[in-house]
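Spelled out, the chains give:
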Amino acid sequence: MPELPEVETVVRALRQPLIGRTIVGVRNDWPRHIGTPGLDEFQARIQNCTVQAINRRAKYLVFSLTHGETLIAHLKMSGHLAVEDAHEPADKHVHTVFELDNGQELRFRDIRKFGRVYLVQDPNEILGKLGPEPLEPTFTPALLTERLNGRTRILKPLLLDQQFIAGVGNIYADESLFYAKLHPTRPANTLDRNEISALHSAIQKVLKMGIEREGASIELYVKPDGSKGDMQNAVAVFRRTGEPCYECGRPIERIVLGGRSTHFCPNCQK
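None of the values given here were measured: they were computed from a predicted structure.

Engineer: Is there a simple way to explain the overall build of the protein chain in this structure?
Structural biologist: Across its full length, the protein chain carries seven helices and 11 strands. A compact globule built from 270 residues should have a C-alpha radius of gyration of about 18 Å, and the protein chain, at 20 Å, falls within 12% of that. Along the first, second and third principal axes, the C-alpha set of the protein chain runs to 55 × 35 × 30 Å. Burial statistics for the protein chain: of 270 residues in total, 51% are counted as buried. A sequence separation of at least 24 residues applies to 64% of the contacts in the protein chain between residues at least 6 apart. Surface summary for the protein chain: the accessible area is close to 12100 Å², and the carbon and sulfur share equals 46%.

Engineer: Mind showing me how you'd approach the side chain of H183 here?
Structural biologist: Residue position: H183 is located in the loop between helix 6 (170–180) and helix 7 (193–212). Of the residues examined, H183 reaches a relative accessible area of 17% and is grouped as buried. In terms of polar contacts, H183 uses its side chain to reach the side chain of T185, at 2.8 Å.

Engineer: I tried to follow the pairing of strand 11 (residues 260–264) on my own but got confused; where do I start?
Structural biologist: Judged from the five bridges that link them, strand 10 (residues 253–257) and strand 11 form a sheet pairing that is antiparallel. Its bridge partner lying in strand 11, E253 is registered against F264. Linking strand 10 to strand 11, which pair antiparallel, is a turn of two residues; within it G258 sits at a positive phi near 60°.

Engineer: Explain the pattern of salt bridges to me, please; I cannot follow it from the model alone.
Structural biologist: Between side chains of opposite charge, pairing is possible as soon as their charged atoms come close. Within this structure, the stated rule accounts for 19 salt bridges. Between R27 and E105 there is a salt bridge, and its shortest N-O distance comes to 2.9 Å. One end of the pair, R27, is in strand 1 (residues 22–28); the other, E105, is in strand 8 (residues 104–110), with 78 residues separating them in the sequence. We classify R27 as partly exposed; its relative accessible area is 38%. Residue K223 pairs with E214 through a salt bridge whose shortest N-O separation is 2.9 Å. A residue is classified by how much of its surface remains accessible, and E214, at 34% relative accessible area, is partly exposed. One connected set of salt bridges, linked through shared partners, spans E8, R12, R56, R57 and E133.

Cut-off values and rules
- Residues numbered from 1 in each chain as written.
- Predicted model: local features only at pLDDT ≥ 70, side-chain atom pairs only at ≥ 80, totals over all residues.
- Heavy atoms only, no water.
- Helix = DSSP H or I, 4+ residues; strand = E, 2+ residues; numbered from the N terminus.
- Rg over C-alpha atoms; globule rule 2.2 N^0.38 Å.
- Buried < 20%, exposed > 50% of the residue type's maximum accessible area, 1.4 Å probe, protein only.
- Contact = heavy atoms within 4.5 Å.
- Areas by Shrake-Rupley, 256 points an atom, 1.4 Å probe, with all protein chains shown as cover.
- Polar contact = N/O pair within 3.5 Å; in protein donor to acceptor, adjacent residues only side chain to side chain.
- Pairing = 2+ DSSP bridges.
- Salt bridge = Lys/Arg side-chain N within 4 Å of Asp/Glu carboxyl O.

Following this line, the structure appears as structure tokens:
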């Protein structure tokens, strides 16, 4: 599933071709793609709305439109957004198409059909329960300490909880714990001040690295232009089971926590 760096990469790529463009129609052949409202109302309300800004909140793309509307998209497992000329043949997995006023289209391709789009007047209807953004100045070691206080959950599943921290998924949770030298099964309330500071720094380090490398193309994720990101070539532990740790040489191990594959170095992350 695309995580914060992948979604941020998509947002940055879509700004130039979309900001200032007006949506003149919507086609959809998979109504479940539309989270809210129903398809007919969605089509009626979004028509003739102009894209004013495109931002990211956690793993969501947030399109600020005229008429007080906000379009929110979640790519889920296999979603892909791209602006293409209307005359170009569409991939068979394109299920929602936003027709633009310049003869182009914003196409939502989704092989597994888990992606969703929402049209709301109040973005908090969809985004209100999300945790803090880990790259914002307000996300400080003190804030992380406060959020960890009293929590007994083990670290890896906690980092995946979008109400705890927004945008971190499986790849960047594994990488963060490696750089912080923390075992993924550590209970959250056992970290001391130095370990919390290390975790804070590690989270920001790997997310910034992911953005710089324009995401990790490990499974289905590619950038809007179809090219791959490069973060998969810089991971320290994720999906490197049995390969030597870059720091100590011990084989990377894999366990399953909360139903998710978890990769770590048993020597560096004791």
